[in-house]
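Architecture and fold: a report
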Amino acid sequence: MRSRIKSDALFKEALNYLPGGVNSPVRAFRAVGGQPFFVNRAKGARVWDVDGNEYIDYVGTWGPAILGHAYPKIIEAVQKTAEAGTSFGIPNPLEVTMAKLICATVPSVKKVRMCNSGTEATMSAIRLARGFTHRDKIIKFEGCYHGHVDSLLVKAGSGALTFGHPDSAGVPAAFTQHTIVLPFNDLDAVQQALAANPGQVAGIILEPVPGNSGVFAPLPGYLEGLRQLTSEAGALLIFDEVMTGFRLARGGAQERYGITPDLSCFGKIIGGGLPVGAFGGRTDIMDCLAPLGPVYQAGTLSGNPLAMAAGITALEELGKNDAYARLEALGARLEHGLREAARSAGLPSRVNRVGSMFCAYFTDQPVNNLADAMKSDRERFARFFRGMLEEGIYLAPSQFEAGFLSLAHTPEDVDRTVAATAKVLQTLK
Ligand code: HOZ
């Protein structure tokens with residue numbers, strides 16, 4: 001057993017001062033058993049805990065670390081920018097550079113507003129969709145997670161699902177009465193909901209590749225169908241690309257699948273590891289935002305120079321050296337290896353992967369939506385997680401999260417992970 005004496009002591013102390021000992025629920029390891037470890041160093045594809053244990057990291061700070069941890073050019077950009085001031089609350093040139101970069105990389109985004117988290121981005125995009133269309137209802141999908149926005153915490157994924165509160169306490173029923181929740185990958189359900197609520201649906205928000213109930217892909221024609229149905233209904237199509245943006249292709253899932261949403265939400269990668277969010281889209285919609293229009297949205301730290309400097313560097317680096325082809329090759333190698341390991345162990349499993357996002361479920365049925373994901377044997381997943389951790393491989397501590405590859409992972413890291421998987425699976429039979 002790895003020694004975690006220092007981590008355990010820190011967690012004991014943390015429990016006195018932080019609810020559950022953490023600042024974000026999934027980190028508490030409650031879904032997988034055991035206690036969280038505390039990290040004080042990360043580099044490339046590795047993290048080290050305070051007891052000196054090393055792990056190959058497939059969480060990547062929940063997505064942002066696509067270039068690897070402590071990427072030298074990002075560190076340099078943040079240090080240099082910090083010397084000139086950490087926050088101005090006055091427009092700064094880096095905001096313009098960032099906005100131009102996002103608009104140039106994601107063609108559906110003609111104008112963008114920076115904010116401070118993915119939650120802020122989706123919350124603001126929903127408000128904007130409602131203000132623009134003068135309609136109230138929003139369609140979301142089971143298992144999709146759009147941050148901890150009141151009206152979207154309905155059948156939500158991620159920590160809400162992990163801890164059995166997909167509909168959170170503390171959200172008045174009145175706040176979700178305009179939220180329609182449908183199964184993912186079911187166009188008929190969308191068609192029926194739009195027909196049943198004529199002229200009332202402001203928008204449909206979705207993770208184009210859901211990554212908060214594990215990972216599942218849109219079936220062929222699904223995103224195209226949503227695009228067509230929303231256009232016909234006068235509703236906006238809102239892609240939550242907080243996870244998938246700048247990850248599944250430089251232009252995100254919308255580039256990968258060739259779909260043009262009306263609004264898009266971003267976070268994670270565009271901050272290069274600093275807190276950030278953004279939403280953007282069609283000019284006529286974005287111009288409804290204050291100060292031009294009546295939809296209010298604001299933020300003291302929005303466009304923060306440190307976050308802009310880190311994010312700009314990350315996005316520029318992702319434009320170099322076949323970054324996405326390399327991520328795809330690593331993903332394919334991992335997918336193949338995990339499938340082979342499960343086949344040899346004779347365990348029912350499904351490995352879902354889109355680009356550098358992946359998830360393994362312990363079920364023999366295809367996983368295309370939340371109901372399918374719920375068929376996975378979560379007790380077995382928990383044992384798998386703990387076994388992998390002992391082997392020095394850190395996966396997300398919940399069945400309902402995505403694994404992320406980075407450009408710092410090597411084929412050797414992947415092979416080591418596959419070998420560890422094969423070993424751990426033998427113990428799960
Ligand atoms: N909601 C995040 C992943 N889906 C978890 C963030 C965190 O715990 O840091």
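To keep things clear, this report deals only with the structure shown in the data block. (Residues numbered from 1 in each chain as written. Predicted model: local features only at pLDDT ≥ 70, side-chain atom pairs only at ≥ 80, totals over all residues. Heavy atoms only, no water.)

1. Examining the overall build of the protein
Looking only at helices and strands, one finds 15 helices and 14 strands in the protein. Relative to the globule expectation of 22 Å for 429 residues, the C-alpha radius of gyration of the protein, 21 Å, shows essentially globular dimensions. By principal-axis analysis of the C-alpha atoms, the protein measures approximately 60 × 55 × 45 Å. Expressed as a percentage of the 429 residues in the protein, the buried residues total 56%. The long-range fraction of contacts in the protein, counting pairs at least 24 apart against all pairs at least 6 apart in sequence, stands at 73%. Accessible surface computed for the protein: about 17,600 Å², of which carbon and sulfur atoms make up 54%. (Helix = DSSP H or I, 4+ residues; strand = E, 2+ residues; numbered from the N terminus. Rg over C-alpha atoms; globule rule 2.2 N^0.38 Å. Buried < 20%, exposed > 50% of the residue type's maximum accessible area, 1.4 Å probe, protein only. Contact = heavy atoms within 4.5 Å. Areas by Shrake-Rupley, 256 points an atom, 1.4 Å probe, with all protein chains shown as cover.)

2. Quick look at the pairing of strand E2 (residues 46-49)
Burial along E2 is two-sided: the residues Arg46 and Trp48 and Val47 and Asp49 are all buried. Between strand E1 (residues 39-43) and E2, which pair antiparallel one after the other, the connecting turn spans two residues, and Gly44 there sits at a positive phi close to 60°. Both E2 and strand E3 (residues 54-57) contribute to a ladder of three bridges, which runs antiparallel. Looking at the pairing, Arg46 lines up with Ile56 of E3. (Pairing = 2+ DSSP bridges.)

3. Examining the state of the cysteines
Note on terminology: disulfide describes a covalent bond linking the sulfur atoms of two cysteines. If you walk through the whole model with that rule in mind, you get zero disulfides. A disulfide-free cysteine, Cys115 has its sulfur positioned 8.2 Å from the sulfur of Cys265, the nearest such atom. The thiol of Cys288 is unpaired, and the distance to the nearest cysteine sulfur, on Cys265, comes to 16 Å. (Disulfide = S-S within 2.5 Å.)

4. A look at the nonpolar core
Judged by nonpolar contacts, the single largest core of 38 residues is most densely connected at Ile139, Phe141, Leu182, Val190, Leu206 and Leu226. When residues of this core are traced back to their parent elements, those giving at least two are strand E5 (137-141), strand E6 (179-182), helix H7 (187-196), strand E7 (201-206), helix H8 (222-233), strand E8 (236-240), strand E12 (357-361) and helix H13 (370-373). In this view, Val190 contacts Phe141, Leu182, Ile204, Leu226 and Leu229; residues no more than four positions away in its chain are not counted. Counting residues in each nonpolar core, the second largest holds 37 residues, with Val47, Tyr55, Ala342 and Tyr394 among its members. (Core = buried A, V, L, I, M, F, W, Y, C linked by side-chain atoms within 4.5 Å.)

5. Digging into the side chain of Asn197
Summarising the element assignment, Asn197 is placed in the loop between H7 and E7. Its relative accessible area of 15% is what places Asn197 among the buried residues.

6. Quick notes on unusual backbone geometry
Phi is mostly negative for residues that are not glycine, and the peptide bonds are mostly trans. The residue after Ala290, namely Pro291, is reached through a cis peptide bond having omega 15°. Summarising the element assignment, Pro291 is placed in the loop between helix H10 (283-286) and helix H11 (305-318). A positive phi is found at Asn321, a non-glycine position, where the angle reads about 50°. Overall, the relative accessible area of 61% leaves Asn321 in the exposed class.

7. Description of the packing of helix H12 (residues 323-345) against helix H15 (residues 411-426)
Packing of H12 against H15 leaves a shortest axis separation of 9 Å and a crossing angle of 20°. As judged from the angle between their axes, H12 and H15 are roughly parallel. Crossing geometry of H12 relative to H15 is assigned as right-handed. Residues Leu330, Arg333, Leu334, Gly337, Leu338, Ala341, Ala342, Ser344 and Ala345 of H12 form the contact with H15, whose participating residues are Pro411, Val414, Asp415, Thr417, Val418, Thr421, Ala422, Leu425 and Gln426. Its residues placed into classes, the contact of H12 with H15 shows eleven nonpolar, five polar and two charged. (Axes fitted to C-alpha atoms, helices over the stretch in contact; angles between N-to-C directions. Parallel < 35°, antiparallel > 145°, perpendicular 65-115°, else oblique. Left-handed = near helix turned anticlockwise from the far one by under 90°. Nonpolar A, V, L, I, M, F, W, Y, C, P; charged D, E, K, R; others polar.)

8. A word on the site of the ligand
With respect to spatial proximity, the complete set of residues near the ligand consists of Ser24, Arg27, Trp62, Tyr145, Ser158, Asn212, Met243 and Glu401. In this structure, Trp62 approaches the ligand through a side-chain N or O atom, which is 3.0 Å from an oxygen atom. Relative to its unbound accessible area of 290 Å², the ligand is 87% covered by the protein chains. Within the shell around the ligand, the residues separate by chemical class into three nonpolar, three polar and two charged. (Near = heavy atom within 4 Å. Polar contact = N/O pair within 3.5 Å; in protein donor to acceptor, adjacent residues only side chain to side chain.)

9. Notes on the sheet that holds strand E9 (residues 263-267)
Picture the strands of a sheet paired through backbone hydrogen bonds; they go either parallel or antiparallel. Taken in spatial order, the seven strands line up as E4-E10-E9-E8-E7-E5-E6 in an open sheet, and their pairing is mixed. Among the strands making up the open sheet, the edge pair consists of strand E4 (111-115) and E6. Strand-to-strand twist in this sheet, taken as the mean axis angle between neighbours without regard to direction, amounts to 20°. Summarising the sheet, E5 and E6 pair through four bridges and their orientation is parallel. From the neighbouring strand, Phe141 faces E6, where its bridge partner is Leu182. Together, E4 and E9 form the strand contacts of helix H3 (residues 93-105), whose direction differs from that of E4 by roughly 125°.

10. A few points about the sheet that holds strand E13 (residues 393-394)
One open sheet accounts for four strands, arranged E1-E2-E3-E13; its pairing is mixed. Sheet topology places E1 and E13 at the edges, where each strand pairs with a single neighbour. By the bridge criterion, four bridges tie E1 to E2 in an arrangement that is antiparallel. Across the sheet, the residue bridging to Ala42 is Val47, located in E2.

11. A closer look at the packing of aromatic side chains
As enumerated under the stated definition, the model contains 14 aromatic pairs in all. Aromatic pair Phe362 and Phe384: ring centres 5.6 Å apart, planes at 75°, arrangement edge-to-face. Remark: Phe384 occurs in helix H14 (residues 378-390) and Phe362 occurs in the loop between E12 and H13; sequence separation between them is 22 residues. In terms of burial, Phe362 and Phe384 fall into one category: buried. Here a set of aromatic residues connected by ring pairs shows up, and it is made of Phe29, Phe37, Tyr55, Phe385 and Tyr394. Directly above the aromatic system of Tyr55 lies the positively charged group of Arg2, at a separation of 5.2 Å from the ring centroid. Residue placement shows Arg41 over the ring face of Trp48; its charged tip is 4.0 Å from the ring centre. (Phe/Tyr/Trp six-rings, centres within 6.5 Å; stacked < 30°, edge-to-face > 60°. Lys NZ or Arg CZ within 6 Å of the ring centre and 35° of its normal.)

Keep in mind these numbers describe shape, not what the thing actually does.
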